[in-house]
Amino acid sequence: MGLFDLFVIAVGLSMDAFAVAICKGLSVKKVTVKHGLIVGLYFGGFQAAMPLLGFLLGSSFAKYIEAFDHWVAFVLLGIIGINMIRESREKEEEINASFGLKAMLPMAVATSIDALAVGISFAFMRVQIGWAVLFIGVITFTLSAIGVKLGNLFGAKYKSAAELSGGIILILLGTKILLEHLGVL
């Protein structure tokens, strides 16, 4: 897997965090740089840590499923993508206006669970986890910080589009991995 593929996965994974960051921007009257940094650090940090944890878990049993690892990656990315698309069509939920630990931690964990599954698939694909973690963390940090500001400026209209596009990206990447492994691409 090349750097471009890692970049695309990082963008796809960050769309959940971006969508929630937009909502966090909606929850305050005036967004400050501190708001963007808090959201970026929570979401970027967890989005980086979860694939690393998934990679470590996946590495411990990767040798047992090596023959069908491409199918595992395809299914995991497909499920995550379909879930993101489904969430893009659901009704808005109320977002807490607090930027404290009790408000941010559950959202950071919730938006990064899919990154854990991607980390497991990284172990099967023998991805350079350092680059993957760096890309995912930095891109999620950046997009989340921007999302807070955009949410405050423009409202919730981008939330669904962000989740929808993130889901489509992950499904397409899972399909690409499968087709490459089957020799079609």
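Parameters at a glance
- Residues numbered from 1 in each chain as written.
- Predicted model: local features only at pLDDT ≥ 70, side-chain atom pairs only at ≥ 80, totals over all residues.
- Heavy atoms only, no water.
- Helix = DSSP H or I, 4+ residues; strand = E, 2+ residues; numbered from the N terminus.
- Rg over C-alpha atoms; globule rule 2.2 N^0.38 Å.
- Buried < 20%, exposed > 50% of the residue type's maximum accessible area, 1.4 Å probe, protein only.
- Contact = heavy atoms within 4.5 Å.
- Areas by Shrake-Rupley, 256 points an atom, 1.4 Å probe, with all protein chains shown as cover.
- Salt bridge = Lys/Arg side-chain N within 4 Å of Asp/Glu carboxyl O.
- Core = buried A, V, L, I, M, F, W, Y, C linked by side-chain atoms within 4.5 Å.
- Phe/Tyr/Trp six-rings, centres within 6.5 Å; stacked < 30°, edge-to-face > 60°.
- Lys NZ or Arg CZ within 6 Å of the ring centre and 35° of its normal.
- Polar contact = N/O pair within 3.5 Å; in protein donor to acceptor, adjacent residues only side chain to side chain.

Q: Explain the overall build of the protein chain residue by residue, including any values.
A: Summing up its helical and strand segments, the protein chain has 6 helices and 0 strands in all. Counting helices and strands in the order they occur from the N terminus, the protein chain gives α-α-α-α-α-α. For the protein chain, the C-alpha radius of gyration of 16 Å lies close to 16 Å, the compact-globule estimate for 185 residues. C-alpha extents for the protein chain along the principal axes are approximately 55 × 30 × 25 Å. In the protein chain, buried positions account for 48% of the 185 residues. Within the protein chain, contacts between residues at least 6 apart in sequence are counted, and of these 93% link residues at least 24 apart. Of the roughly 9,200 Å² of accessible surface on the protein chain, 71% is carried by carbon and sulfur atoms.

Q: Before we move on, could you go through the pattern of salt bridges and cite the residues and values that matter?
A: Under the criterion given, the structure shown has 2 salt bridges. Put simply, K176 and D5 hold a salt bridge, and the shortest N to O gap is 2.9 Å. Remark: D5 occurs in helix α1 (residues 3-26) and K176 occurs in helix α6 (residues 157-181); sequence separation between them is 171 residues. A salt bridge links K176 to E180; its shortest N-O distance comes to 2.8 Å. Linking K176 with E180, this pair stays in helix α6, spanning 4 residues, or about one helical turn. Judged by its relative accessible area of 24%, K176 falls in the partly exposed class.

Q: Kindly report on the nonpolar core, identifying the contributing residues and their values.
A: Ranked by size, the top nonpolar core spans 33 residues in total, and within it L13, V118 and F122 carry the most contacts. Within the residue set of this core, elements represented by two or more residues are α1, α2 (33-61), α3 (69-88), α4 (101-125), α5 (129-154) and α6. With 10 residues, the single largest contributor to this core is α1. Of all hydrophobic cores here, the second largest spans 12 residues; its members include V31, V39, F99 and A108.

Q: Talk me through the packing of aromatic side chains; I want residue IDs and the actual numbers.
A: A complete count under the given rule lists 2 aromatic pairs for this structure. Residues W71 and F74 carry aromatic rings whose centres are separated by 6.0 Å and whose planes lie at 85° to one another, so their mutual orientation is edge-to-face. Of this pair, W71 and F74 both sit in helix α3, 3 residues apart, which is roughly one turn of the helix. Residues W131 and F135 carry aromatic rings whose centres are separated by 6.1 Å and whose planes lie at 90° to one another, so their mutual orientation is edge-to-face. One end of the pair, W131, and the other, F135, are both in helix α5, 4 residues apart, so they sit about a helical turn from each other. Residue classification places W131 among the partly exposed residues on the basis of a relative accessible area of 45%. Residue class for F135 comes out buried when judged on its relative accessible area of 18%. When the ring centre of F99 is taken as reference, the NZ or CZ atom of K24 above it lies at 4.5 Å.

Q: An account of the side chain of T111 is requested, with residue identities and associated values reported.
A: In this structure, T111 sits in helix α4. For T111, a relative accessible area of 5% puts it in the buried group. Within polar-contact distance, the side chain of T111 engages the backbone oxygen of A108 at 3.3 Å.

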